[in-house]
Amino acid sequence: MDKERKLIIAGNWKMNKTVAESLDLANGLVRELKDVTEVDIAICPPFTALSEVSKVVIDSNIRLGAQNMSENDYGAHTGEIAAGMLKEFSAKYVILGHSERRQYQRESDELVAAKAKAAHETGLKPIVCVGEQLEDRESGRTEEIVGSQVRGSVAGLTADQMEGTVVAYEPVWAIGTGKTATSAQAQEVHAFIRNLLGDIFDEDTAVRVRIQYGGSVKPDNARELMGQADVDGALVGGASLEVRKFSEIILNSI
Ligand code: 13P
């Protein structure tokens with residue numbers, strides 16, 4: 001597949017996998033995907049498995065990511081984890097503002113923007129998630145909602161930082177439901193996001209930002225989704241928990 005932006009396919013393991021299970025999955029992926037150079041691959045295990053998984057992937061083509069981080073560098077923030085702590089495990093990416101965190105932990109665009117800034121300042125690349133709810137789509141408010149999430153969540157980033165940020169468009173109604181956005185629906189929103197980034201930053205920056213699609217990505221729909229002009233990768237939940245499925249998604253996307 002010929003695209004000027006390199007695809008980035010990441011697995012978001014969410015709150016799944018013990019350390020032992022994480023090691024099995026990571027070892028299997030290293031084995032299956034060792035020859036892949038065409039796609040940037042990342043896995044985002046739970047915090048508790050980062051240390052062990054980092055040892056498995058350190059010399060491989062698979063990069064490590066976390067699923068969240070604090071906007072603070074250190075200090076009295078019980079239960080939080082700082083970007084610098086993630087760097088200790090050679091993490092390269094951190095997922096920020098996932099819809100589950102926006103919904104259940106009440107994360108705001110402002111908080112996501114502060115985290116994204118802190119991630120860049122520590123040398124981590126944020127994967128900033130946005131996406132509309134079903135009722136937003138049904139009432140024709142997709143662009144309004146996604147647009148305001150994008151503006152709010154990248155506020156304060158420099159153009160260079162934006163270029164190193166991955167945006168993940170994840171329609172909430174497609175997450176874990178088996179209902180994937182059609183490739184045309186995904187492309188439409190991705191193009192809208194890229195246009196908006198052009199307005200907020202500049203055209204050169206916007207064409208370099210990678211925009212992932214997330215929401216029921218599977219081996220059999222990956223190729224079609226990745227074939228869209230503005231779809232530059234995938235953020236995979238359920239199907240990233242199995243070696244065969246996640247590997248097939250990647251191999252089918254090349
Ligand atoms: P599913 O692939 O399970 O729909 O989850 C998508 C997601 O939320 C990835 O962050």
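These numbers come from a predicted model, not from an experiment. (Residues numbered from 1 in each chain as written. Predicted model: local features only at pLDDT ≥ 70, side-chain atom pairs only at ≥ 80, totals over all residues. Heavy atoms only, no water.)

Draft legend 1. Looking closely at the state of the cysteines. Going through the model one piece at a time under the given rule, you end up with zero disulfides. No disulfide involves Cys 44; its nearest neighbouring cysteine sulfur is the one of Cys 129, lying 9.4 Å away. Cys 44 sits in the buried class, given a relative accessible area of 0%. (Disulfide = S-S within 2.5 Å. Buried < 20%, exposed > 50% of the residue type's maximum accessible area, 1.4 Å probe, protein only.)

Draft legend 2. Spatial organisation of the side chain of Arg 210. Here Arg 210 shows up in strand β7 (residues 210–214). Looking at Arg 210, its side chain comes within polar contact range of the main-chain oxygen of Lys 6, at 3.0 Å. Ignoring anything within four residues of it in the chain, the contact list for Arg 210 reads Arg 5, Lys 6, Leu 7, Ile 8, Asp 40, Tyr 93, Thr 165, Val 166, Val 167 and Asp 232. (Helix = DSSP H or I, 4+ residues; strand = E, 2+ residues; numbered from the N terminus. Polar contact = N/O pair within 3.5 Å; in protein donor to acceptor, adjacent residues only side chain to side chain. Contact = heavy atoms within 4.5 Å.)

Draft legend 3. Seen up close, unusual backbone geometry. Here the phi dihedral of Ser 90 falls at roughly 60 degrees; this positive angle occurs in a residue that is not glycine. By relative accessible area, which is 43% here, Ser 90 ends up partly exposed. A positive phi angle, close to 55 degrees, is found at Ser 216, a residue other than glycine. With respect to the element layout, Ser 216 can be found in the loop between β7 and α11 (219–226).

Draft legend 4. Structural view of the packing of helix α7 (residues 142–153) against helix α9 (residues 183–200). The geometry of α7 relative to α9 is characterised by a closest axis approach of 10 Å and an angle of 45 degrees between their N-to-C directions. It follows from the interaxial angle that α7 and α9 lie oblique. Pair α7 / α9 crosses with right-handed handedness. Residues Thr 142, Glu 143, Val 146, Gly 147, Val 150 and Arg 151 of α7 form the contact with α9, whose own contacting residues are Val 189, Phe 192, Ile 193, Leu 196, Leu 197 and Ile 200. Per-class residue counts for the contact of α7 with α9 are eight nonpolar, two polar and two charged. (Axes fitted to C-alpha atoms, helices over the stretch in contact; angles between N-to-C directions. Parallel < 35°, antiparallel > 145°, perpendicular 65-115°, else oblique. Left-handed = near helix turned anticlockwise from the far one by under 90°. Nonpolar A, V, L, I, M, F, W, Y, C, P; charged D, E, K, R; others polar.)

Draft legend 5. Inspection of the side chain of His 190 at higher detail. Structurally, the position occupied by His 190 is in helix α9. A distance of 3.5 Å separates a polar side-chain atom of His 190 from the backbone oxygen of Ile 211.

Draft legend 6. Inspection of the site of the ligand at higher detail. The full set of residues close to the ligand is Asn 12, Lys 14, His 98, Glu 170, Ala 174, Ile 175, Gly 176, Gly 215, Ser 216, Leu 235, Gly 237 and Gly 238. At 2.8 Å from an oxygen atom of the ligand is found a side-chain nitrogen or oxygen belonging to His 98. One nitrogen or oxygen atom from the main chain of Gly 237 is found 2.9 Å from an oxygen atom belonging to the ligand. Expressed as a share of its isolated accessible area of 310 Å², the protein-covered part of the ligand is 95%. (Near = heavy atom within 4 Å. Areas by Shrake-Rupley, 256 points an atom, 1.4 Å probe, with all protein chains shown as cover.)

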